[in-house]
Amino acid sequence: MCGIYGAVSPGGGLLGGSAALEETLAGMGSALRHRGPDGHALRVQAGVGLGTERLRIVDLDPRADQPFTSPDGRLWLACNGEIYNAPELRRRYRDYPFVSRSDVETILPLYRDRGLAGLAELDGMFGLALWDSVERRLILARDRAGEKPLFYARLEGAVWFSSEVQALLGVPRLPRDLDEVALAQFLALGYVLEPRTLFTAVRRVEAGTFLCFSQDGEEDRVRYWDPAQIAGIASGSEPAVPRLRSLLEVAVAKQVVADVPVGVFTSGGLDSSILAALAARSLGAERVHTYSARFTAPSYDESAWAVRVAGQLGTRHVEVPCDEPALMEAWTAVTEGIAEPLADPATLPVYLLARAAREEVKVILSGEGADELFGGYPTYLGHRLAPWFLGLPGPLRRGLSAGLARLPASGRKVTVEYLLKRFLAEAERPWAERHLRWFGTGLVRDRAGWERAGLDTLLAEAGSDPAAALLLDYRTYLRDGLLVKVDRATMLCSIEARAPYLDRDLSAFALALPIGEKIRGLEGKRVLKRAALAWLPREVVHRRKRGLSVPVAGWINGGLAPEVDRLLAPERLRRQGLLDAALVGRLLAEHRTGRANHARPLWAALILGRWLESWLPERA
């Protein structure tokens, strides 16, 4: 695991001279050092420079530091990630003169033998850059789900790339123009859809693709993984539960392999408890560290369940305080250390968990992907209820909505009142639009705003079947929101996060399952719960889903109030010209008087304000 960066002029240009190139690349490496503080390396020749900042996980010897080169010097490789089928590749290419035990080094003989088709065989999480000096070709590639990031910018005939946006911002003469479509996406959803970023000049390599840059300036994209071609195609003839159990056991066994200690983020809920149980089975419970967040607000605190599960499994458990002082520390660290606006408040406790875990482990398992693959969100059940609600007489629907509107707003976590209000506000829209609005920020309320964000195209592609909501979330909320949050927050603390539910074979199996295996009636994650009964008590398996979140509603009116008043001051918003100052002012007034809970849109507005201060101060 590491941060990678570099620049290539496929046509052979000097990139402004080797001294200037090395200076710029050194600055990029410094900007990524939190991703890999254990080893630093840079290779430069005319028109090519590759660098890495390495977090040593597999093979701690410095000989395993990157970039790697092939024996003949033809290929240069830098890769951020873990290749789980490396043992198989080492056996296949046993005659290759490996210089290390690194999993990443196996990519070189695979590419030399199979070319781009070989890269599609990789089982793991990765963002990689490979320079082929004979073909004069730069390849940038990412894993299937998008666990590991990779960004690039084209400037004056060269391609610059890095694991995080802030490294590219140090490239001389790179424009910092704001991408208006990306901004509209952030305001609507709370995240930006690939391949965009908030900077027009910086783009993301898309998940499940290779980008090839040739010496004639051409940019070709090859998609090697398309979840839409898999979703829902299984016949259902094979018993799903035993197959799922086997795949889960194998996925966790692969992902606990490391030459450093391993831990698990756990809430005591279904997804994380499965990971903790299987990690304990693979490593032995005494070698597994588990970490849970402890909040002062009772409705947000699940630490008692986490302690209970850890006690049953026998893991080495740590509770991490997430009170207001700790959250304020995380607020500063995250907004100043990550050049992407992350409107998910859970970024803060993830950072705090990672900071605490870094004292004992370098690898952490996390449960991202389980909800999208197995149907865990309340929104999926909302789609099932919507036809019933829409079948009610109009006066009755309006009466229900008016009655709910009169209920006082609650700052507690995911209350029935909150869910019902969100349901009724969007239930009459087409399923895909209401789905994105249920997940969205609430800052964009008109159709024109959604069109500015390009979401009308996304909605048209979503089809007409609400069962497609799981696939939509896999390709948007998971990829562009949750995985970004976990990667950036953990790597800010120099810790590697792995998501076993996104294992290649496990995710392919889950995507192909019929929807009836995942959701039946008003029960989500049906097949996952049945599989989990082999490892966990029934009361843990059937706990109500709550999810990691932060008591933002009360914080906005309490300890964060000075920041709120400063960042959302009407004159400031009018000067920036990015948010509707009158709308934000009304939302804040209603929130502070208790008339409504507007924590979600206000949080997105706050994050945008802090992002501007840190990364685009001329617009702040």
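This is a predicted model, so every value here is computed, not measured.

Caption draft 1: Spotlight on the overall build of the chain. Along the backbone of the chain there are 28 helices and 17 strands. For the C-alpha atoms alone, the extent of the chain along its principal axes is close to 75 × 60 × 45 Å. A sequence separation of at least 24 residues applies to 72% of the contacts in the chain between residues at least 6 apart. Split by element, the accessible area of the chain, about 22,900 Å² in all, is 52% carbon and sulfur. Taken together, the 79 basic and 76 acidic charged side chains of the chain have centroids lying 5 Å from each other.

Caption draft 2: Fine view of the side chain of Asn85. Within the secondary structure layout, Asn85 lies in the loop between β5 (75–83) and α2 (86–92). A relative accessible area of 7% places Asn85 in the buried class. A polar contact is formed between the side chain of Asn85 and the backbone oxygen of Glu121, at a distance of 3.0 Å. Here Asn85 is in contact with Glu121, Leu122, Asp123 and Arg504, once residues within four sequence places are set aside.

Caption draft 3: Main features of the sheet that holds strand β3 (residues 48–54). A sheet is described by the order of its strands in space; here six strands give the open sequence β2-β3-β1-β9-β8-β10, paired in antiparallel fashion. At either end of the open sheet lies a strand with only one pairing partner, and these are β2 (39–45) and β10 (203–204). Direction of pairing for strand β1 (residues 2–8) relative to β3: antiparallel, over a ladder of seven bridges. From the neighbouring strand, Gly6 faces β3, where its bridge partner is Leu50. Relative to β1, helix α1 (residues 18–31) is tilted by about 155°, and along the sheet it contacts β1, β2, β3 and β9 (158–162).

Caption draft 4: View of the nonpolar core. If you look at the biggest cluster of nonpolar residues, it comprises 194 residues, and the most contacted ones within it are Ile107, Trp160, Ile274 and Phe374. Top element by residues in this core is helix α19 (residues 469–491). It accounts for 13 residues. The next biggest cluster of nonpolar side chains, apart from the first, holds 18 residues, and it includes Leu50, Ala78, Leu138 and Tyr152.

Caption draft 5: Representation of the pattern of salt bridges within the structure. Under the criterion given, the structure shown has 47 salt bridges. Between Lys148 and Asp487 there is a salt bridge, with its nearest N and O atoms 2.5 Å apart. Placement of the pair is Lys148 in the loop between β7 (137–142) and β8 (151–155) and Asp487 in helix α19, with a sequence separation of 339 residues. By relative accessible area, Lys148 is classed as buried at 1%. Note on Asp487: relative accessible area 1%, which makes it buried.

Caption draft 6: Main features of unusual backbone geometry. A cis amide bond links Gln66 with the next residue in sequence, Pro67, at an omega value of 0°. Mapping Pro67 onto the fold places it in the loop between β3 and β4 (68–69). Put simply, Glu194 and Pro195 share a cis peptide bond, and its omega is 10°. Within the chain, Arg136 stands out as a residue other than glycine whose phi angle is a positive 50°. Secondary-structure assignment places Arg136 in the loop between β6 (124–132) and β7. One non-glycine residue with positive phi stands out, namely Glu156, at about 50°. Secondary-structure assignment places Glu156 in the loop between β8 and β9.

Caption draft 7: A look at the side chain of Thr197. Tracing the backbone through its elements, the reader meets Thr197 in the loop between α6 (180–189) and β10. Judged by its relative accessible area of 7%, Thr197 falls in the buried class. Here Val202 takes part through its backbone oxygen, which lies 2.9 Å from a polar atom of the side chain of Thr197.

Caption draft 8: Seen up close, the environment of Cys79. As for its placement among the helices and strands, Cys79 is situated in strand β5. Residues Cys79 and Arg434, 355 residues apart in the sequence, show an inter-C-alpha distance of 39 Å. When neighbours within four sequence positions are excluded, Cys79 is seen to be in contact with Cys2, Ile4, Gln66, Val104, Ile107, Phe126, Gly127 and Leu128.

Caption draft 9: Region of interest: the packing of aromatic side chains. Here the structure, examined in full by the defined rule, presents eleven aromatic pairs. Ring plane angle 45° and centroid distance 6.1 Å describe the contact between Tyr191 and Tyr477, whose orientation is recorded as tilted. One end of the pair, Tyr191, is in the loop between α6 and β10; the other, Tyr477, is in helix α19, and 286 residues separate them in sequence. Directly above the aromatic system of Phe98 lies the positively charged group of Arg90, at a separation of 4.3 Å from the ring centroid.

Caption draft 10: Representation of the sheet that holds β4. Spatial ordering of the open sheet is given by β4-β5-β6-β7-β11-β12, a layout of six strands whose pairing is antiparallel. Among the strands making up the open sheet, the edge pair consists of β4 and β12 (219–223). With respect to the sheet, helix α3 (residues 107–114) is in contact with β4, β5, β6 and β7, its orientation differing from that of β5 by roughly 120°.

Caption draft 11: Spotlight on the packing of helix α7 (residues 240–255) against helix α8 (residues 270–283). In the contact formed by α7 and α8, the axes pass within 9 Å of each other and the chain directions differ by 65°. In terms of axis orientation, α7 runs roughly perpendicular to α8. Crossing of α7 against α8: the hand is right-handed. The residues of α8 that touch α7, namely those facing Leu248, Glu249, Val252 and Ala253, are Ile274, Leu275, Leu278, Ala279, Arg281 and Ser282. Its residues placed into classes, the contact of α7 with α8 shows seven nonpolar, one polar and two charged.

Caption draft 12: Layout of helix α11 (residues 347–357). Judged by how many residues are buried, α11 sits mostly within the fold: ten of eleven residues are covered. Among the residues of α11, Thr347, Leu348, Pro349, Val350, Tyr351, Leu352, Leu353, Ala354, Ala356 and Ala357 are the ones counted as buried.

Caption draft 13: View of the packing of helix α16 (residues 431–439) against α19. Look at α16 against α19: their axes get within 11 Å of each other, and the N-to-C directions meet at 45°. For the element pair α16 / α19, the angle class is oblique. Crossing handedness for the pair α16 and α19: right-handed. Judged by residue contacts, Trp431, His435, Leu436 and Phe439 of α16 engage Ala469, Leu472, Asp473 and Tyr477 from α19.

Conventions we followed
- Residues numbered from 1 in each chain as written.
- Predicted model: local features only at pLDDT ≥ 70, side-chain atom pairs only at ≥ 80, totals over all residues.
- Heavy atoms only, no water.
- Helix = DSSP H or I, 4+ residues; strand = E, 2+ residues; numbered from the N terminus.
- Contact = heavy atoms within 4.5 Å.
- Areas by Shrake-Rupley, 256 points an atom, 1.4 Å probe, with all protein chains shown as cover.
- Lys, Arg positive; Asp, Glu negative; His and termini not counted.
- Charge placed at Lys NZ, Arg CZ, Asp CG, Glu CD.
- Buried < 20%, exposed > 50% of the residue type's maximum accessible area, 1.4 Å probe, protein only.
- Polar contact = N/O pair within 3.5 Å; in protein donor to acceptor, adjacent residues only side chain to side chain.
- Pairing = 2+ DSSP bridges.
- Axes fitted to C-alpha atoms, helices over the stretch in contact; angles between N-to-C directions.
- Core = buried A, V, L, I, M, F, W, Y, C linked by side-chain atoms within 4.5 Å.
- Salt bridge = Lys/Arg side-chain N within 4 Å of Asp/Glu carboxyl O.
- Phe/Tyr/Trp six-rings, centres within 6.5 Å; stacked < 30°, edge-to-face > 60°.
- Lys NZ or Arg CZ within 6 Å of the ring centre and 35° of its normal.
- Parallel < 35°, antiparallel > 145°, perpendicular 65-115°, else oblique.
- Left-handed = near helix turned anticlockwise from the far one by under 90°.
- Nonpolar A, V, L, I, M, F, W, Y, C, P; charged D, E, K, R; others polar.

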